[in-house]
Amino acid sequence: MSHYQETLYHIIHENRMYGYEENNMAFITSKLINLNKDLDRPLSLIIRSDYIVDDTYWLIRYFRSRQVEPAYLLSTSSVKQEFGYFLGIPIITVDELNMENTKNCILIYLNRESDRKIFTQKDYRESDYNFVLRARGSLQFARGMGVRNYAYILKNEEEYYSVLEKLADEESKKSFIEVIRSLLENDIYRYHEYESALKYFDDSIYKPLYENEAWINCGTSTGDTVLHYLSLGRNYKKIYAVETGRDLVKYLEALFELLPDGRDRIEIYDKAFEGRGSKYNVDTVFADEQITLINMDIEGAEMLVLEGASEKIKKDLPVLAIAAYHKPGDLLEIPKFISSLSDEYHFFFRKYRGWAPDVINEYVYYAVPTNRLTEATDYGRV
C-alpha cells in the first residue's frame, strides 16, 4: 500500500468520530459501559435493528469509536438468515433472548417491526428479561452523506484505493482523503477549500481554449457558473446552458440578454439530457458539434448523462468537470467510467467552498486529456 492508501485504510477502519456535546442515550450508554468495565459484573450492549438501514452502520461505528463493542445485534429471523453476523457482530432474534443472556445488558433500539405495526416475530414483555436499561438510540448530529458513504465504502473498499492511485497529483489525493475523513469521522472538512468561483475553471489543472471553447454547462441554475466563467476573463465560442426549471429558464433568457454577445453565443436547453440509447442525449444533440468542455452538477444524474455522452467523449476528448457528491457511488463510478472510454484522461480532484461552512459538498472530478494539461499539471503529476 502507498502512504496515501494506508492513510485512507486507517480512516475507514479505526472508527474515529469527531466529538460534539452529547446527551443522547448512545452517549449515556457508552459512558455507563466504560465506567463499569472493571467491575465484577460489567455491562454489555445489545442493539436492536429489525431493519438493517444506513443508521445501523453508523450507530455501530459510533459505539466502536467510544471503545464499546456490541455483544449482539437483535433483529429478525430473516435478517439473521441473510447475514448471520453484521460488521462482525453476531445476530440473534427475540426467540433467543432470556433472563440469563440479558442480565447486565443495556438494550439500545434503533428500529423495531412494531414501529411499523408489522410482526414477523413475537413481541416481548419487559418482565421476561433482565435489561438494566432500555432506550432508543440516536446521535445528536450525523451527516446523512457520511452514513450513506460508510455503508457504501465497506462494500467497495478496494475500489477506493484504486481510485486514489488513479488521481494525478498530491493535491487530489489529499483532498480525496480529507473528504472521506470528514464524512466518516462526522467532522467538518479541514483541508484546502478553493474559492467557489474557480469551480470547473481552474487554470492550474487544464488549459482554457478561450475563443475556441465550446462548453456544455449541465445544471446552469441561476447562471452563477456562467458569470464566474466570464468574470475570470474567459472568452468562448459557444455556451450551451442546460436548465429544466421553467421559471429559471425564463430568468436565464433575460439574464443572457444582458451579457455581451449572450444572445448569439449562449444557447439554452430546457430539457434534461438522457442516457445511452436515447434520442435526446449529448451524443445525439451535439453529433455535429465539437465540444471542448462539459461540466455537470445535476443532482445525481451525472452518471446517466455521462453514459449518454460516451461517443462525444471518445471522439472530442473534452475536459470533463463533474460534481461527485450527490451519490456515494459517484466517487468511484465517475472516474471508472471515464477511464473506460479513453486512456487519454488524467484525473484531478478538488474541493470548493459550499453554501454553508459545515456542509460537505462541492467536490469535483476533473478528467483532462493529455493535450489540455497545463505545464504545472504535466510536471506535477505523481
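This structure is a prediction, so every number in the text was calculated from the model and none was measured. (Residues numbered from 1 in each chain as written. Predicted model: local features only at pLDDT ≥ 70, side-chain atom pairs only at ≥ 80, totals over all residues. Heavy atoms only, no water.)

## Here's the deal with the overall build of the chain
Logical step 1: Each helix and strand in the chain was counted, giving 15 helices and 13 strands.
Logical step 2: For the chain, the C-alpha atoms occupy an extent of roughly 80 × 45 × 35 Å along the three principal directions.
Logical step 3: Scored against the burial criterion, the 382 residues of the chain give a buried share of 53%.
Logical step 4: The contacts of the chain with a sequence gap of at least 6 include a subset with a gap of at least 24, amounting to 75%.
Logical step 5: Total accessible area computed for the chain in this model is approximately 17,900 Å², and 48% of it derives from carbon and sulfur atoms.
Logical step 6: Treating the 47 positive side-chain charges of the chain as one cloud and the 62 negative ones as another, the clouds have centres 3 Å apart. (Helix = DSSP H or I, 4+ residues; strand = E, 2+ residues; numbered from the N terminus. Buried < 20%, exposed > 50% of the residue type's maximum accessible area, 1.4 Å probe, protein only. Contact = heavy atoms within 4.5 Å. Areas by Shrake-Rupley, 256 points an atom, 1.4 Å probe, with all protein chains shown as cover. Lys, Arg positive; Asp, Glu negative; His and termini not counted. Charge placed at Lys NZ, Arg CZ, Asp CG, Glu CD.)

## Focus on the packing of helix α6 (residues 157-166) against helix α7 (residues 170-184)
Logical step 1: Two numbers describe how α6 lies on α7: the axes approach to 9 Å, and their chain directions differ by 150 degrees. The angle between the axes of α6 and α7 places the two elements in the roughly antiparallel class. Judged by the twist between their axes, the crossing of α6 over α7 is right-handed. On the side of α6, the interface is formed by Y160, V163, L164 and E165, while α7 contributes K173, F176, I177 and I180. (Axes fitted to C-alpha atoms, helices over the stretch in contact; angles between N-to-C directions. Parallel < 35°, antiparallel > 145°, perpendicular 65-115°, else oblique. Left-handed = near helix turned anticlockwise from the far one by under 90°.)

## Structural notes on the sheet that holds strand β6 (residues 133-136)
Logical step 1: Spatial strand order, β3-β4-β2-β1-β5-β6: 6 strands in an open sheet with mixed pairing. Only two strands of the sheet have a single partner each, and these edge strands are β3 (85-86) and β6.
Logical step 2: Relative to strand β4 (residues 89-92), β3 runs antiparallel, the two being bridged by 2 bridges. Paired with Y85 across the strands is P90, a residue of β4.
Logical step 3: Across the sheet, helix α2 (residues 25-35) is in contact with β1 (44-49), β5 (105-111) and β6; its angle to β5 comes to roughly 160 degrees. (Pairing = 2+ DSSP bridges.)

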